[in-house]
Amino acid sequence: TKAYDMTWHHLILKSMQEYGLNGRILGYIKNFLQHREFRVYAKGMSSPSKFQKNGVPQGEIISVTLFLI
């Protein structure tokens, strides 16, 4: 349960390097994972913004691949 939410960004990037993926693709994935911000909306109000430190975004095509890595 919530496996996508618990995936460590550092481990994904480290694993990619171990697989020999470097350069632009590694930079792209790093930028994709970092600085992700979210809020919770309920009953017309929103929570303060929080940064996502772990996990991959659900609904993104590349998230499945990153989760498997």
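Think of each chain on its own: its residues are numbered from 1, step by step along the sequence as written. This being a predicted model, a pLDDT of at least 70 is required before a residue's local features are given, and a value of 80 or more before pairs of side-chain atoms are given or counted; all residues contribute to the totals for chains, interfaces and linings. Side-chain measures were taken over the full set of non-hydrogen atoms in the model, leaving aside hydrogen atoms and water.

Student: Describe the environment of I69, listing the residues and the values that go with them.
Tutor: Relative to the assigned elements, I69 resides in the segment after α4 (61-68). Classification of I69 by relative accessible area gives partly exposed; the value is 29%. In this structure the C-alpha to C-alpha distance between I69 and K14, which are 55 residues apart in sequence, comes to 9.7 Å. By definition, any uninterrupted DSSP run of H or I lasting at least four residues is a helix, any uninterrupted run of E lasting at least two residues is a strand, and each is numbered from the N terminus. Burial classes follow relative accessibility: with a 1.4 Å probe on protein chains only, a residue under 20% of its type's maximum area counts as buried, one over 50% as exposed, and anything between as partly exposed.

Student: Could you give an account of the nonpolar core, with specific residues and numbers?
Tutor: In plain words, nonpolar cores are sets of buried Ala, Val, Leu, Ile, Met, Phe, Trp, Tyr and Cys residues tied together by side-chain atoms within 4.5 Å. Counting residues in hydrophobic clusters, the biggest one holds nine residues: I12, L13, M16, L26, I29, F32, L33, V56 and L66. If you tally residues by element for this core, the top one is helix α3 (residues 24-33), at four residues. Whether two residues are in contact is decided by their heavy atoms: any pair within 4.5 Å suffices. Residues in contact with M16, not counting those within four places in the same chain, are L21, I25, L26, I29, L66 and I69.

Student: Any chance you could break down unusual backbone geometry for me, citing the residues and the numbers?
Tutor: One non-glycine residue with positive phi stands out, namely H35, at about 60 degrees. Examined against the element boundaries, H35 turns out to sit in the loop between α3 and β1 (37-38). Given a relative accessible area of 65%, H35 falls into the exposed group.

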